Amino acid sequence: MKTFVCIKRVPDTSEAEVKVDATGKDVDSSRFSFDINEADNYAVEEAILIKEAMGGTVQVVCIGPKDADVMIRMALAKGGDSAMRIEDPRINLIDPLKVAKVLAATLKDQECNLVLTGCMANDDGSMAVGVALAEELGVSHAAMVKKVEILDESKIKVHRELEGGLLEVVELALPAVLTIQTGINEPRYAPIRGIRQAQKKELKVLSLDDIGLAEDEVNEASSLIELDKFYIPEVVSTAEVIEGEPEEKGVIMAEKLVKGGLL
Amino acid sequence: MGDIFVLAEHRRGELREITLEMLSKAAEVAQQTGGNLVSVLIGSGIDSFAEQLTGYSDKVLYIDDPLFADFNAEKYQKVLAELLKQYKPDLFMIGQTVQGVDFAPALAVEMKMPYLTDLVDLAFADGKFKLVRQYYQGKVNADFTFKAEPPYMVTIREACFEIAEPSKKGAVEKIDSPLKEDIEYRRFIEYIEAEVGDVDITQSEILVAVGRGIREEKNMEMVLELANTIKADLCGTRAATDAGWLPHDRQVGTSGKAVKPKLYIAIGISGAFQHLAGMKASKTIVAINKDKDAPIFTVADYAIVDDLFKVLPKLTEKLKELVG
Amino acid sequence: MNTEMQSFIKKYDLLGCIQCGRCTGGCPVTVRTNLNVRRFVYDAKTIDEDTLDELARLPEIWDCTACNTCAVRCPKGLKPVEVLIGLRNILVESGVIQPTVRDALESVFREGNPWEKPRAMRSDWMEGLEVKIAEPGEKVENLVFVCCTNAYDPKVQVSAKNLVKILNKAGVDYGFIGDDESCCASEVHNLGEEGLFEMMVEDNTELLNSYDAKRIVTISPHCYSTLKNQHPDLNAEVIHYTHLLKELFEAGKIELTREFSGRIVYHDPCFLGKQNNVYEEPRFILNQIPGAEIVEFERNRERSLCCEGGGGKMWVESESTKERLADTRVKDAKELGASILAVACPFCVLTLDDSVKAKGFEEEMRVAEILELLGEIME
């Protein structure tokens, strides 16, 4: 099984204060710490598990700057065989369809049975790249996969996790792109010694020219979406204090839970 | 001109809420564009949905065909591509749901359509659609517009727009499925119910958590009642599991489990650092504690600073009434 | 026998063990777990690599708190605790470790602390205080090393805050590092991630040497022990804050003005006491408190009962259902009629405080770090 895993480098903003920068079209990332996108980490683990079960190779693909090499090496340390990192300032990264185009161009000349990627990036939440990539490659796909079963070299069975935990079982022809849901497995740890040893594995750095894409296919001018500005939403996330007599508070909270669709 | 199409989402005999949420918002936008609001319903033997949609749309385009007895992303993509080519609406709205994300991006690539996802707001003004989405898990908003000519496609975030009262009297137009043959490279096999029994709280959607404030094991009963009412799983702090009120695999914290439910109700939990680390990724946090300085309130979305023994019974009672 | 096995045996000098059993005899967790460290030393040298892997997967190797009682007691100068850590290392290198351990280690690598908190927030505790920040290259007498737990955990931040107040009042020449401070990696070593530990030792040595500091003052005994004993290339002398405070008291630089009434019992932290023989300085300080009655546990000094906070226990729960050692300790404190259980380690604060709550003793006693107490009495 020749598997490719596409990973993204994202900031951890769960506790960080996010500020819009001077251009108004980006955020000030100077104090962010970056790491592999959570769902992509699960995808890496799934790819390695598939390799351990049935043999084959795992290649890691990442669009990102040199700083992404650390997390790429971690994926290689866990069992990846080689990696490709695409870096080109001309790519309009805010457009998931352009990201998918770049990944497709990178993969189209590779022998590829299975492509895994996380179902959602924690920074933009688009949930679009994986499925768009499948369309670009002209292969089958399934999104939000919670379990992968390789039936034979031509087809697989996957479980998609629907809202409420219901699972939808789908059979797909290979090659296929799967977007992987968190919790599908328990990602292993990549020890530092392992990461050091992974330095020996190949990490190719590619530009648009190397993957045969013209600037006007993926740059900002060619995108069909246009960003006006970033801004901080007005609602500040501090706790909404429920008021009233103790018993009233219970009633009010129940109503909020139901009406707010929180259940 | 200015027509808005909305894809109705349904599953196993239920029209999903996102459908009416989208139609309610789309009605506003259609007023701004001056176009028609059309529901697109694809399925097999779901006439009742078509009826229901007439209250929210000017027209219901209904494809009723056994090919669509179960959802199949590839089939939906093929059908919708044909509909878009034929009807050319200005805007096509789909839910940012497990179903929607499985085909919408592919459709956007196939049709080379401008595509924006997970919108939390949209409007039509000055001859343009104005779209709002978020980044960094809700910490930043972003305003977008589309380039090139319509049709455009957007996906809409769930539970974002209020469902309005039905006020339209649309007509149902049954049309033949443009797709005539089954698809082999993707087949629906079956549904599998969510597992009951052994609970892995790291995968739970709704959690009710208890801490020291519960005081004694016998008080777990009223907590259990709440959990059962809202189909939540139980978990707790180290104090609660140490005290034996819950098994150890229900402990949330740095030496226990890390959970990320969409709803976390913390009862009698002060919010020690090690516990917060295990649950702060929860989407919505409700905290009940009589100490206003309890650290749990620094991560809570809803704060009930009061005696849990007085609040809890009424909370459960009202929830029973509303949820059934 | 392959080279892996040979190096394991050689590394921990397993052939030197005479199986006397003093290690297991003194091991505090044997009362509540299956851990028999003497057996591990024996088994680890007489079998093959596969069985070594099997040993590494036994849950009881995670019961060890790295208190080092076994190493202190061994008549042959061996460190049985290191065998257990070596077994943990086998698991770590395979990548298959408990998710909580994985998360803590990844957090140290990424954020410089095991608590999954952003590095950028490491000095947030300093807000509202006048804290002197040291500059690399500039001379500073006392470079203070805060500790990740003291920096990030609201329950113990009071230690760092009060130390600042004391240092300011006493006019001490000091400096803090700020956001560049990274985990001492004591627990990284104890969890078995040797590669990461070596990297942290190298980076921290370079960072700390970049300051022209005479002494490094640590607040946590874990930082103290690891910086002092496992960083051979560090230029500065490493001391614990109790050393510094004793100096200040003796020089009359600290005045404790408020009366205090209550019985205080001091719990010797393993990493300060039995591992580094620092017993008298904390007691000296407590004895400066006017009106305080200081009592001793029966198990004091080198016989202190480990609170089970160290050795990675903050991230790994034992499978044992028997009474936690910390619970035993607070029961002992209650029996002594102590209203304050004084400690000098943030892990002791957290574990003992949990026990006070679990046992429902909040009305009668509380756990307090020495710095916390001093802060209350100095105001």
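All values reported here derive from a predicted model rather than from experimental measurement.

**Concerning the overall build of chain A**
Next up, step 1: Regarding its fold elements, chain A presents 7 helices and 13 strands.
Next up, step 2: Judged by the C-alpha coordinates and their principal axes, chain A covers about 65 × 45 × 40 Å.
Next up, step 3: Residues counted as buried form 50% of the 263 residues belonging to chain A.
Next up, step 4: When contacts within chain A are restricted to residue pairs at least 6 apart in sequence, long-range pairs at least 24 apart make up 69% of them.

**What about the interface of chain A and chain B?**
Next up, step 1: Of the residues lining the interface, 67 residues belong to chain A; the matching set on chain B comes to 67 residues.
Next up, step 2: When residues of the side of chain A that touches chain B are traced back to their parent elements, those giving at least two are α3 (96-107), α4 (129-137), β7 (140-150), β8 (155-161), β9 (167-173), β12 (225-231), β13 (240-241) and α7 (246-259) of chain A.
Next up, step 3: In terms of residues, the side of chain A that touches chain B owes the most to one element, α7(A), which gives 11 residues.
Next up, step 4: Residues belonging to the side of chain A that touches chain B are distributed by class as follows: 38 nonpolar, 12 polar and 17 charged.
Next up, step 5: Strand direction decides the pairing type here: β9(A) and strand β13 (residues 186-192) of chain B, joined by 6 bridges, are antiparallel.

**Comments concerning helix α13 (residues 241-250) of chain C**
All names here are of chain C.
Next up, step 1: Inspection of α13 places Y241, T242, L244 and L245 among the buried residues, and these make up the whole buried set. Down the axis of α13, the smallest arc covering the buried residues is 155 degrees, so these residues share one side.
Next up, step 2: Buried positions along α13 lie against β1 (139-145), α9 (157-169), β3 (212-218), β4 (237-240) and α14 (280-287).
Next up, step 3: Positive phi shows up at G252, right after α13, with a value of about 70 degrees.

**Things to note about the environment of C:I377**
All names here are of chain C.
Next up, step 1: If you trace the backbone, I377 turns up in helix α17 (residues 370-378).
Next up, step 2: Since 18 C-beta atoms lie within 10 Å of it, I377 is described here as partly exposed.
Next up, step 3: Sequence separation between I377 and T351 is 26 residues; the distance between their C-alpha atoms is 24 Å.
Next up, step 4: Sequence-distant contacts of I377, defined by excluding residues within four places in its chain, comprise L256, R258, F260 and I289.

**Considering α9(C)**
Next up, step 1: Over its 13 residues, α9(C) runs 19 Å from end to end, which matches the ideal 18 Å to within 8%, given 1.5 Å per residue.
Next up, step 2: Those residues of α9(C) that sit buried are C:S159, C:A160, C:K161, C:N162, C:L163, C:V164, C:I166 and C:L167.

**Looking at the interface of chain C and chain B**
Next up, step 1: The partner chain B presents 13 residues to the 13 residues of chain C that form the contact.
Next up, step 2: The greatest single-element share of the side of chain C that touches chain B, amounting to 3 residues, is contributed by helix α16 (residues 346-359) of chain C.
Next up, step 3: Grouping the amino acids of the side of chain C that touches chain B by side-chain chemistry returns 6 nonpolar, 1 polar and 6 charged.

**Here we look at the domain arrangement of chain C**
Residues and elements named next belong to chain C.
Next up, step 1: Per the domain assignment, the segments making up chain C are domain 1 (3-94), domain 2 (101-249) and domain 3 (254-378).
Next up, step 2: The interface of domain 1 with domain 2 comprises 6 residues on the first partner and 5 residues on the second.
Next up, step 3: Partitioning the side of domain 1 that touches domain 2 into residue classes produces 4 nonpolar, 1 polar and 1 charged.

**Some details on the packing of helix α15 (residues 325-335) of chain C against α16(C)**
When two helices pack together, their arrangement is given by the angle between their axes and by how far apart the axes lie.
Residue and element names in this part refer to chain C.
Next up, step 1: At their nearest, the axes of α15 and α16 sit 8 Å apart, and the two run at 70 degrees to each other. Comparing their axes, α16 and α15 come out roughly perpendicular. Across the interface between the two elements, A326, D327, R329, V330 and K331 of α15 pack against T351, L352, D354, S355, V356, A358 and K359 of α16.
Next up, step 2: Residue composition of the contact of α15 with α16, by class: 5 nonpolar, 2 polar and 5 charged.

**With respect to the sheet that holds β7(A)**
Next up, step 1: An order of β11(A)-β5(A)-β4(A)-β1(A)-β6(A)-β10(A)-β7(A)-β8(A)-β9(A)-β13(B) is seen for the 10 strands of this open sheet, with the pairing classed as mixed. A strand with exactly one partner marks an edge of an open sheet, and here the two such strands are β11 (203-206) of chain A together with β13 of chain B. With strand direction ignored, the average angle separating the axes of adjacent strands in the sheet is 35 degrees.
Next up, step 2: Sheet analysis places strand β5 (residues 82-86) of chain A next to β11(A), joined by 4 bridges and oriented parallel. Bridging across to β11(A), A:M84 finds its partner in A:K204.
Next up, step 3: Helix α1 (residues 38-54) of chain A rests against β1 (2-7), β4 (57-63), β6 (114-118), β7 and β10 (176-180) of chain A of the sheet, and its axis sits at about 150 degrees to β6(A).

**Some words on the nonpolar core**
Next up, step 1: Within the largest apolar cluster, 309 residues are counted, with the highest numbers of intra-cluster contacts made by A:V5, B:M93 and B:I267.
Next up, step 2: What A:V5 contacts, discounting residues up to four positions off in sequence, is A:A43, A:V44, A:A47, A:V58, A:V60, A:V61, A:A75, A:L116 and A:T117.

**Observations regarding unusual backbone geometry**
Next up, step 1: Omega for the peptide link from A:L174 to A:P175 comes to 0 degrees, which places this bond in the cis form.
Next up, step 2: As for its placement among the helices and strands, A:P175 is situated in the loop between β9 and β10.
Next up, step 3: The omega angle of the peptide bond from B:P150 to B:P151 is 10 degrees, so this bond is cis rather than trans.
Next up, step 4: Of note, B:P151 is situated in the loop between β10 (140-146) and β11 (152-156).
Next up, step 5: Here B:D126, not a glycine, exhibits a phi torsion of approximately 50 degrees, which is positive.

**Looking at the pairing of β1(C)**
Residues and elements named next belong to chain C.
Next up, step 1: The buried fraction of β1 amounts to 5 of the 7 residues, a majority that puts the element mostly inside the structure.
Next up, step 2: Sheet topology note: the β1/β3 ladder contains 6 bridges and is parallel. Opposite N142, over in β3, you have R215 as the bridge partner.

What counts and how
- Residues numbered from 1 in each chain as written.
- Chains lettered and ligands numbered in written order.
- Predicted model: local features only at pLDDT ≥ 70, side-chain atom pairs only at ≥ 80, totals over all residues.
- Helix = DSSP H or I, 4+ residues; strand = E, 2+ residues; numbered from the N terminus.
- Buried ≥ 20, exposed ≤ 12 C-beta atoms within 10 Å, placed from the backbone.
- Contact = placed C-beta atoms within 7 Å.
- Nonpolar A, V, L, I, M, F, W, Y, C, P; charged D, E, K, R; others polar.
- Pairing = 2+ DSSP bridges.
- Arc of directions from axis to C-beta.
- Expected span 1.5 Å × (residues − 1).
- Domains from an automatic or database assignment.
- Axes fitted to C-alpha atoms, helices over the stretch in contact; angles between N-to-C directions.
- Parallel < 35°, antiparallel > 145°, perpendicular 65-115°, else oblique.
- Core = buried A, V, L, I, M, F, W, Y, C linked by C-beta atoms within 7 Å.

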